[in-house]
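Tertiary structure, described
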Amino acid sequence: MAASAVAEEFERLYGAAPEGVWAAPGRVNLIGEHTDYNDGFVMPLALPHRTLAAVSRRTDGVLRVHSADIPGGIVQLDAAGEFGGPRSAGGWAAYPAGVVWALRAAGHAVTGADLHLTSTVPTGAGLSSSASLEVVTALALDDLFGLGLSATELAVLSQRAENEFVGVPCGVMDQMASACCAEGHALYLDTRDLAQRQVPFDLAAQGLGLLVVDTRVKHELGDGAYAERRAGCEAGARALGVPALRDVAYDGLPAALDRLAALGESATVRAYTRHVVTENARVERVIGLLDAGDVRAVGPVLTEGHASLRDDLRVSCAELDLVVTSATAAGALGARMTGGGFGGSAIVLVEAETADAVAKSVTEAFAAAGYAAPRVFPAIPSRGAHRVTH
Ligand code: GLA
């Protein structure tokens, strides 16, 4: 939807034109999965799919939010009363409310706002619709209230909103991707110190393409399986006496696994540890390949990463596995699930001229398995959060 249409709808709802319209995108992650809550490395890119927010300030401590995509009309919340505290606001309004709460908790004078939102980021598809909603809210309020926060600071506050207000124990990757990605680039991010590098990612110039396959299996990170992976990884780090699994070097992995076994840690904790350490190494390999211009060689690393997510971390599902097997059988260079898993989306690296044939093969494999038709579209590395109108 165009920004002007969002502004017009805001005016119809609230009786006056908005002060501005802002946008924040969804993302896919190229490599580095379930590493961000282990202080590790990730490499997401922003999608053209985005959440738009038309916003005006208020001074009376009231927050009003409205979504074009979700029935229920305008939701009114009392920012001055902090909405009754973390985890009190249910439904989608908890995301923008959580951002206001996080900004205020950090000492920023946000005195209320009216928001109208609409999004082209599919929900429950593992493409960070929640992060785009948080980040667009944070950016709009930063701009309107003149807070002067950096994109990184906005991402961290958005993650705090999701962790502490909404109650989902996610890492920082999705919010950083939505806030900080650049058009035509992937974002190489160290989630420990948030150091970042924009890595040129012009697949078309190389005759390549990256497909997103949304399996339409709804994923849900709040249901405990994600938190269980996180707790298992933290148990591994604790047993090894390191701050996070990021501190286990790839070369030291066999010794670390032996040590965990000797300490009586479960096969599950050892497998989680192996995933995180090998996945961080895969990010390093992909960076090396991209820097060397050897993009085709990234494919097998993606497929290897999928096997690790499937077998060691156990966050895949039959539909995601089928994307990988059917796409690679049809000649894709590599494929893997992306995001939290348990459903959601996969990415597939292809020679551009085979993109349609690979997409067709995956779709046919889904039909043959009796699954609902997947949604396939190209991942075009797009711009991070920004103001759309002045
Ligand atoms: C979800 C979380 C992220 C990250 C990924 C897995 O998208 O929100 O923080 O942990 O899963 O890499």
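Keep in mind it's a predicted model, so treat the numbers as computed, not measured.

Some points on the pattern of salt bridges
Following the criterion strictly, the structure yields 23 salt bridges and no others. Close ionic contact of R197 with D291 constitutes a salt bridge, the shortest N to O distance being 3.0 Å. With a gap of 94 residues between them, R197 in strand β8 (residues 196-200) and D291 in helix α8 (residues 267-291) connect regions that are remote in the sequence. Of the residues examined, D291 reaches a relative accessible area of 47% and is grouped as partly exposed. E304 serves as the salt-bridge partner of R285, at 2.9 Å between the closest nitrogen and oxygen.

Section: the sheet that holds strand β4 (residues 62-67)
An order of β5-β4-β6-β3-β1-β13 is seen for the six strands of this open sheet, with the pairing classed as mixed. Each edge of the sheet is formed by a strand with only one pairing partner; in this case those strands are β5 (75-78) and β13 (386-387). Strands in contact with helix α1 (residues 3-14) are β1 (20-29), β3 (44-57), β4 and β6 (113-119); relative to β6, the strand with the most contacts, it is inclined by about 135°. Together, β1, β3, β6 and β13 form the strand contacts of helix α3 (residues 129-144), whose direction differs from that of β1 by roughly 145°.

A short note on the site of the ligand
Taken together, 13 residues surround the ligand, and among them E33, H34, D36, D174 and Y226 come closest. Within the side chain of E33, a nitrogen or oxygen atom sits 2.6 Å from an oxygen atom of the ligand. Within the side chain of D174, an N or O atom sits 2.6 Å from an oxygen atom of the ligand. For the ligand, whose unbound accessible area comes to 310 Å², protein coverage reaches 98%. Each residue belonging to the shell around the ligand can be placed in one class, and the counts come to five nonpolar, four polar and four charged.

Remarks on unusual backbone geometry
Phi at H34 is positive, roughly 55°, even though this residue is not glycine. The residue H34 is located in the loop between β1 and β2 (41-42) in this model. The backbone phi angle of R216 is positive, close to 65°, even though this residue is not glycine. With respect to the secondary-structure elements, R216 resides in the loop between β9 (208-214) and α6 (225-240). Using a relative accessible area of 48% as the deciding quantity, one classes R216 as partly exposed.

Some words on the sheet that holds β9
Spatial strand order, β10-β11-β9-β12: four strands in an open sheet with antiparallel pairing. Edge positions in the sheet fall to β10 (334-338) and β12 (375-378), since each has one partner strand and no second. Averaged over all adjacent pairs, the angle separating strand axes in this sheet is 25°, with direction ignored. Pairing between β10 and strand β11 (residues 345-351): five bridges, direction antiparallel. Paired with G334 across the bridge in β11 is L349. Contacting β10 and β11, helix α9 (residues 298-313) crosses the sheet at an angle of about 45° to β10. Contacts between helix α10 (residues 318-329) and the sheet are confined to β9, β10 and β11, with β10 contributing the most and set at about 165° to the helix.

Some thoughts on the nonpolar core
Within the largest apolar cluster, 51 residues are counted, with the highest numbers of intra-cluster contacts made by V55, L63, L103 and L141. V213, L245, L253 and V323 belong to the second largest nonpolar core, which has 40 residues in total.

Thoughts on the environment of L349
By the secondary structure assignment, L349 is in strand β11. A relative accessible area of 2% places L349 in the buried class. Residues L349 and V100, spaced 249 residues apart in sequence, show a C-alpha to C-alpha distance of 39 Å. Once residues within four sequence positions are removed from consideration, L349 is found in contact with L203, G209, L210, V295, R296, V298, G299, L302, A332, L333 and G334.

Structural notes on the domain arrangement of the protein chain
Each assigned domain of the protein chain is listed here: domain 1 (3-198) and domain 2 (202-378). Facing the 35 residues of domain 1 at the interface are 45 residues of domain 2. In terms of surface lost to domain 2, no three residues of domain 1 exceed I31, H34 and Y37, which account for 20% of the buried area on that side. Counting across the interface, domain 1 meets domain 2 through four salt bridges. Residue D190 is joined to R246 by a salt bridge in which the shortest nitrogen-to-oxygen separation is 2.9 Å. Where domain 1 meets domain 2, there are 21 residue pairs in polar contact (both at pLDDT 80 or more). If you list the elements that add at least two residues to the side of domain 1 that touches domain 2, you get β1, β2, β3 and β7 (185-190). Classifying every residue of the side of domain 1 that touches domain 2 by side-chain character gives 16 nonpolar, 12 polar and seven charged.

Quick notes on the rules
- Residues numbered from 1 in each chain as written.
- Predicted model: local features only at pLDDT ≥ 70, side-chain atom pairs only at ≥ 80, totals over all residues.
- Heavy atoms only, no water.
- Salt bridge = Lys/Arg side-chain N within 4 Å of Asp/Glu carboxyl O.
- Helix = DSSP H or I, 4+ residues; strand = E, 2+ residues; numbered from the N terminus.
- Buried < 20%, exposed > 50% of the residue type's maximum accessible area, 1.4 Å probe, protein only.
- Pairing = 2+ DSSP bridges.
- Contact = heavy atoms within 4.5 Å.
- Axes fitted to C-alpha atoms, helices over the stretch in contact; angles between N-to-C directions.
- Near = heavy atom within 4 Å.
- Polar contact = N/O pair within 3.5 Å; in protein donor to acceptor, adjacent residues only side chain to side chain.
- Areas by Shrake-Rupley, 256 points an atom, 1.4 Å probe, with all protein chains shown as cover.
- Nonpolar A, V, L, I, M, F, W, Y, C, P; charged D, E, K, R; others polar.
- Core = buried A, V, L, I, M, F, W, Y, C linked by side-chain atoms within 4.5 Å.
- Domains from an automatic or database assignment.
- Buried area = accessible area lost by both parts, 1.4 Å probe.

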